[in-house]
Amino acid sequence: LPKDHISHYDLNKLTATKDGLNKKEEVLILTPMSKFVPEYWENINKLLYDHALLSLGFIFPRTSEGDKAMKDLENAIKTTPGAAKYKKITLLRQDTESLEDQSEKERHALKVQKQRRSMMALARNSLVFSTISPSTSWVLWMDADIVESPTTLIQDMMKHDKPIVSANVYQRFINAETKKPDIRPYDFNNWVESEEGLKLAETLKDDEIIVEGYSELATYRPLMAHFYDPKGDLHTEMPLDGVGGGALLVKADVHRDGAMFPSFPFYHLIETEGFAKMAKRLGYSIVGLPNYLVYHYNE
Ligand code: GDP
Ligand code: MN
C-alpha cells in the first residue's frame, strides 16, 4: 500500500466549540449559487476566520444562468490573491432540475414554492453530502445573495455554542417616503411554531406543505424577522422551529447524524424549514439571533 493510504480520524476528538478559532476548528462554507453577486464574494473574503481553516463549496444549477454564475465565480477566485489561502474550494454542477425563470416575482409565487423549494433541497443535500469531510467541525450555510455581514460572523455565531444558529436576514432599500436609506426584513423562514400553524398542518393531505411568508397560508407564527431590536443586545437568542438558509451555522455533527433538507413533505415542511424539523426530531436545539443582521442583495 502507498504511504498514507489509510487515514484515521477520531470523530470523538473533532470538536465544535465556542472557541473554534483558537481550537483550529474547520468550517465548511456552503452556498447554492444561481447567480454570482460580486458583493457576496467580497464579503466572504473579508471574514476574519483563519482562511486555512475554511473550505468553500458551491453548487450551480445546470442552466445557462448556472453556467454563467460558475464562470463568474471561477474568474473571481482566480483574480483574488487571498483565495489561495482557503483550504479547499469545490464547485459542483447539479444533476437535478432547476426552475428556468428565477426573477424575484416568479420564484416567490406561492404555486411554484413546492417545486422550487424541493429542487433547492436536492441541491443543498448534494452540496453537503459531497463536500463534508472527516475534519469538518462546522457548516456555514450562506446564500449567494448575502452581500453584507459582520467580518466576525463565524466567531460571533460560534460563541452561542448551539447546534444550529440562524442570523436575521434584512435588506437595504431606499425608503420611498423618507427618500433615505433604510432596512427591512427579508427572510421569513426563521420562525417559531404556533397553534394555528400546527392546526393548519393537521388539515393538510400527506403531500401538502406549508411555506412561511404567504398570506394564503396564515400560520400566525412569530417570525424572527419581526423581532429585530436595534437597541437590543446583538447576541439575544430566541428558540426557533423553522430556519432559512441565508446565514445559518450548523455543527457538522448535526448533518453527520443525518439531518438533511427534505425534498418531500416532512411534517408538511420542506427544505430549510424541514431541516429544522428534522434536526429537532434528532434532539438538537435551534436558536435565532434577531438582532444579528446580515443583508440580502436588493434586486
Ligand atoms: P430567496 O432569496 O428566498 O428568493 O431564494 P434564492 O432564489 O435567493 O435562493 C436561495 C439560494 O439558492 C441563493 O444562494 C441562490 O443563488 C441559490 N439558488 C436558487 N435557485 C437555485 C438552483 O436552482 N440551483 C442552485 N444550485 N442554487 C440555486
Ligand atoms: Mn436570496
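Computed from a prediction, not measured in an experiment: that's the story for all the values here.

Peer 1: Explain the site of ligand 1 here, please?
Peer 2: Around ligand 1 lies a shell of 19 residues, among which P32, Q94, R107, H108 and D145 are the nearest. At 3.0 Å from a nitrogen atom of ligand 1 is found a main-chain nitrogen or oxygen belonging to I59. Residue S98 places a side-chain N or O atom 3.0 Å away from an oxygen atom belonging to ligand 1. If ligand 1 stood free it would expose 560 Å²; the protein chains cover 91% of that surface. According to the grid-proximity analysis, the pocket containing ligand 1 is the largest pocket. Sorting the residues of the shell around ligand 1 by element identifies β2 (54–60), α3 (104–108) and α4 (113–131) as the ones contributing at least two each. Ranked by residue count, the leading element in the shell around ligand 1 is α4, at three residues. Of the residues in the shell around ligand 1, the class split is nine nonpolar, six polar and four charged.

Peer 1: Hey, could you run me through the side chain of E25 in this one?
Peer 2: If you trace the backbone, E25 turns up in the segment before β1 (26–32). Summary of buried charges: E25 has no salt-bridge partner, and the nearest side chain of opposite charge, K23, is 5.4 Å away. At 2.8 Å, the side chain of E25 and the side chain of T17 are in polar contact. A polar side-chain atom of E25 sits 2.8 Å from a polar atom in the side chain of W138.

Cut-offs and rules
- Residues numbered from 1 in each chain as written.
- Chains lettered and ligands numbered in written order.
- Predicted model: local features only at pLDDT ≥ 70, side-chain atom pairs only at ≥ 80, totals over all residues.
- Heavy atoms only, no water.
- Near = heavy atom within 4 Å.
- Polar contact = N/O pair within 3.5 Å; in protein donor to acceptor, adjacent residues only side chain to side chain.
- Areas by Shrake-Rupley, 256 points an atom, 1.4 Å probe, with all protein chains shown as cover.
- 1 Å grid on protein atoms, 1.4 Å probe; cavity = no way out; pocket = protein on both sides within 12 Å on 5 of 7 lines; lining within 4 Å.
- Sits in = over half its atoms within 2 Å of the grid points.
- Helix = DSSP H or I, 4+ residues; strand = E, 2+ residues; numbered from the N terminus.
- Nonpolar A, V, L, I, M, F, W, Y, C, P; charged D, E, K, R; others polar.
- Buried < 20%, exposed > 50% of the residue type's maximum accessible area, 1.4 Å probe, protein only.
- Lys, Arg positive; Asp, Glu negative; His and termini not counted.
- Salt bridge = Lys/Arg side-chain N within 4 Å of Asp/Glu carboxyl O.

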